[in-house]
Amino acid sequence: MTYKIQRGFKDGMNLYVKDFGAIGDGVKNDSSAIRKALTALKHSPKGSTLIFDENKTYYVSSGKIALDLKDLHDVAIKGCNSVILAKPIMSLCRIYGCSNVDIIGITFDYKTRPYAIADVLDVYEDGKIRIRANRSLNIRGTYKQPVADYFGLVDRPDGRYHVGITTYKVVDHNSYIYDVKCNTIFAERDLRLRMMKDNKYKFIIPMPHIGQVIEHAVRVIYNENVSMIDCNVKCAAKFMFFVKGNKGKVLFKGLKVDNDSDVPIVGWRDGFLCKENRAQIIWDGCIVRLLCDDIIKMSASLLQIQQKKGNTISLYCQETGTPYLDAEVGDEITFLNTDTGAFLGKRIIQDITIQENYIDICVDKDIDGVVASPSCKAYISALGAKNSIVKNCDLHGTFRFRSPIHITDSKIHVTRMWIDFEPPFEGPVAENILFDKCDILFDDDYHVYIHVDSKNNNWEKIGDPYRVKNIVFSDCNIRENAVELGAAEQKYSVVKFIKSAKECGK
């Protein structure tokens, strides 16, 4: 796949990382040279391009971010099939505060992969097991997990079988044998441990000091019109892409999230965690798999009503505890009550005042039913990356869709999918989601895999309950009984399966 930059600038120039001292032998630290080249690009004419030598590997062993693209405008970075090899535990790439920027033809990888794989040799009482890893975990004595939800995975091709980990302890350093204490933060701990011992499934585990330590491999935050074209990401220490606060378009074209190792994992958490985006996000021709959480998760934050005086409403973001700075004057805001199940209505924001840990908004007119209460929620649907597109993609994993999106001409293997609403933190209530000409596959031929549910338990008590709306599967290859609807969604027939005349052979 090729992509030609056409920004319309005549004065652009080509810069080469080798002219700033980059070697690209995979051994020498090219950190300083790449930073100098990016600084020069920042001060170059519009339409300029920074070029890496073809098929070379650039080792980055210092700094917090391997490729840090900050405040770049109307430029491109052309990787020419090169590799940026990062020393853990830095982030792989940050795209921040940029506009009209293209990143083309770069593979991102870590020099030390953030995971290992092991055989379970013995299972003892109270979650203790003995393992033999495929390589040294590079620890002495005992290593205690750094986060509460630290986990490993049973290496099974179907589903995701998490096992919480508390500690590693060295038993035989030379033979890579360790005792692992597993906890019950995830269900069925003992069953899963016995599954690995008796059925010989391997145990995929995070590398100490690396796996599940750094939050995001790639951050795409507060940009306008940026793209990653023909790029590959081999692995992530925790989350893959964090996409937040963008405007215009964010394009991932020909992106591959996969690896070439014998350990079937790329990242521990979400592939694309997309929050508070006004941008249309486009995935075109992408291959994404081997992730332990959602391939795509799209949402906008739910806001709690703290106080109401006439047309002025105080909104608190419970998830962050900080003022919600993404709202703008002119936004349409939706109100509902998760206790009563009522849809309360929509208004236009006319003014915003930032307070210490919340915002005051003034809406165009008063709205009945909005009261100061933990159950009274609001969301701005424009911040859910509305009208995003997935096309010509091959995706395998779990998904959470809550904003209008069009998924077309794609192969989607669904481990689980939620088209829903998730208080107290995430909205909107899902609506206007179209699957068109897709092959939708599942792990088996009988279980439910797609959940369409507003989780509204009080919908019968009122005339206009909030609910998921307008979910359409058009000309898709899908097992219809793999889709489960909430009670309100069944009542209002929110899901439609449509076959065109051509599809039906008419």
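Everything numeric here is computed off the predicted structure, so don't read it as measured data.

Chemist: Would you mind going over the sheet that holds strand S26 (residues 303-309) with me for this structure?
Modeler: Strands in a sheet are paired, the pairing made by backbone hydrogen bonds, and the direction either parallel or antiparallel. Read around the closed barrel, six strands run S26-S27-S30-S29-S28-S31, paired in antiparallel fashion. In this sheet, adjacent strand axes meet at a mean angle of 50° when their direction is disregarded. With five bridges joining them, strand S29 (residues 342-354) and strand S30 (residues 359-363) adopt antiparallel strand pairing. Pairing of isoleucine 352 across the sheet is with isoleucine 361, part of S30.

Chemist: Looking at this structure, how should I read the nonpolar core?
Modeler: Across soluble globular proteins, nonpolar side chains have a tendency to be buried as a group. Counting 105 residues, the largest nonpolar core has Phe241 and Trp283 as its most contacted members. With near-sequence residues (within four places) excluded, tryptophan 283 lies in contact with Phe252, Phe272, Cys274, Ile296, Met298, Ser388, Ile389, Val390, Lys391, Cys393 and Ile405.

Chemist: What is the right way to read helix H1 (residues 31-42) from this model?
Modeler: An α-helix turns once per 3.6 residues; consequently, residues spaced three or four apart project the same way. Given a rise of 1.5 Å per residue, 12 residues ought to cover 16 Å, and the 17 Å separating the end C-alpha atoms of H1 matches this to within 8%. Every buried residue of H1 is listed here: Ser31, Ala33, Ile34, Ala37, Leu38 and Leu41. When H1 is viewed along its axis, its buried side chains cluster within an angular range of 165° and face the same direction. The elements touched by buried residues of H1 are strand S1 (14-16), strand S2 (25-29), strand S3 (49-51), strand S4 (57-60), strand S5 (65-70) and strand S6 (73-86).

Chemist: What is the right way to read the packing of aromatic side chains from this model?
Modeler: Two aromatic rings, taken as a pair, are described by how far apart their centres are and by the angle between their planes. Overall, the coordinates contain 18 aromatic pairs when judged by the stated rule. Measuring from centroid to centroid gives 5.5 Å for phenylalanine 421 and tyrosine 466, while their planes differ by 70°, and the two rings are edge-to-face. With a gap of 45 residues between them, phenylalanine 421 in the loop between strand S35 (411-420) and strand S36 (426-427) and tyrosine 466 in the loop between strand S39 (450-453) and strand S40 (469-474) connect regions that are remote in the sequence. Like tyrosine 466, phenylalanine 421 is buried. Three or more aromatic residues joined by ring pairs make a cluster, and in this case those are Phe399, Phe401, Phe435, Phe473 and Phe497.

Chemist: Could you clarify how one ought to interpret the environment of glutamate 328 in this entry?
Modeler: Tracing the sequence through the fold places glutamate 328 in the loop between strand S27 (312-316) and strand S28 (332-337). The spatial distance from the C-alpha of glutamate 328 to the C-alpha of isoleucine 352 is 7.4 Å, given a sequence separation of 24 residues. Among the polar contacts made by the side chain of glutamate 328, one reaches the side chain of lysine 247 at a distance of 3.0 Å.

Chemist: Looking at this structure, how should I read helix H2 (residues 189-199)?
Modeler: Where H2 is concerned, the buried positions are Arg189, Arg192, Leu193, Met195 and Met196. Angular distribution of buried residues about the axis of H2 spans 150°; they occupy a single face of the element. In this structure, H2 carries Leu191 and Asn199 as exposed residues pointing more than 90 degrees from its buried face. On its buried face, H2 is in contact with strand S9 (115-123), strand S10 (128-133), strand S12 (151-154), strand S13 (162-172), strand S14 (177-183) and strand S15 (203-206). Looking one or two places after H2, you find lysine 200, whose phi comes out positive at around 65°.

Chemist: Where do I start with the environment of tyrosine 110 in this structure?
Modeler: Mapped onto the secondary structure, tyrosine 110 falls in strand S8 (residues 99-110). For the pair tyrosine 110 and lysine 234, spaced 124 residues apart in the sequence, the C-alpha separation amounts to 7.8 Å. At 2.6 Å, the side chain of tyrosine 110 forms a polar contact with the backbone oxygen of methionine 90.

Chemist: Can you walk me through the confidence of the model for the chain in this structure?
Modeler: As a general rule, the predicted coordinates of low-pLDDT regions are not to be interpreted in detail. In this model, the chain carries an average pLDDT of 94, and 97% of its residues clear a pLDDT of 70 or more. Scored below 50 in pLDDT, residues 1-6 shows 12 contacts in the model against residues more than four places distant or in partner chains.

Chemist: How should the pattern of salt bridges be read in this particular structure?
Modeler: A side chain of one charge can pair with a side chain of the opposite charge if their charged atoms are brought near each other. Evaluated as defined, the whole model comprises 37 salt bridges. Between glutamate 188 and arginine 192 there is a salt bridge, with its nearest N and O atoms 3.4 Å apart. Owing to a relative accessible area of 11%, arginine 192 belongs among the buried residues under this scheme. Through salt bridges that share partners, Lys275, Asp294, Lys297, Glu319, Arg400, Arg402, Asp420, Glu422, Glu426 and Lys455 make up one connected network.

Chemist: What am I meant to see in unusual backbone geometry here?
Modeler: Leave glycine aside and you will find that most residues have negative phi; peptide bonds, for their part, are mostly trans. A cis amide bond links proline 88 with the next residue in sequence, isoleucine 89, at an omega value of 10°. Note that isoleucine 89 resides in the loop between S6 and strand S7 (91-96). Omega for the bond connecting glycine 427 with proline 428 falls within 30 degrees of zero, at -10°, which places this linkage in the cis form. The topology assignment puts proline 428 in the loop between S36 and strand S37 (431-436). Positive phi is not limited to glycine here, since asparagine 81 has a value of about 65°. Here asparagine 81 is to be found in strand S6. Exposure remark for asparagine 81: the relative accessible area of 48% places this residue in the partly exposed category.

Calculation notes
Residues numbered from 1 in each chain as written. Predicted model: local features only at pLDDT ≥ 70, side-chain atom pairs only at ≥ 80, totals over all residues. Heavy atoms only, no water. Pairing = 2+ DSSP bridges. Helix = DSSP H or I, 4+ residues; strand = E, 2+ residues; numbered from the N terminus. Axes fitted to C-alpha atoms, helices over the stretch in contact; angles between N-to-C directions. Core = buried A, V, L, I, M, F, W, Y, C linked by side-chain atoms within 4.5 Å. Buried < 20%, exposed > 50% of the residue type's maximum accessible area, 1.4 Å probe, protein only. Contact = heavy atoms within 4.5 Å. Expected span 1.5 Å × (residues − 1). Arc of directions from axis to C-beta. Phe/Tyr/Trp six-rings, centres within 6.5 Å; stacked < 30°, edge-to-face > 60°. Polar contact = N/O pair within 3.5 Å; in protein donor to acceptor, adjacent residues only side chain to side chain. pLDDT = per-residue confidence, 0-100. Salt bridge = Lys/Arg side-chain N within 4 Å of Asp/Glu carboxyl O.

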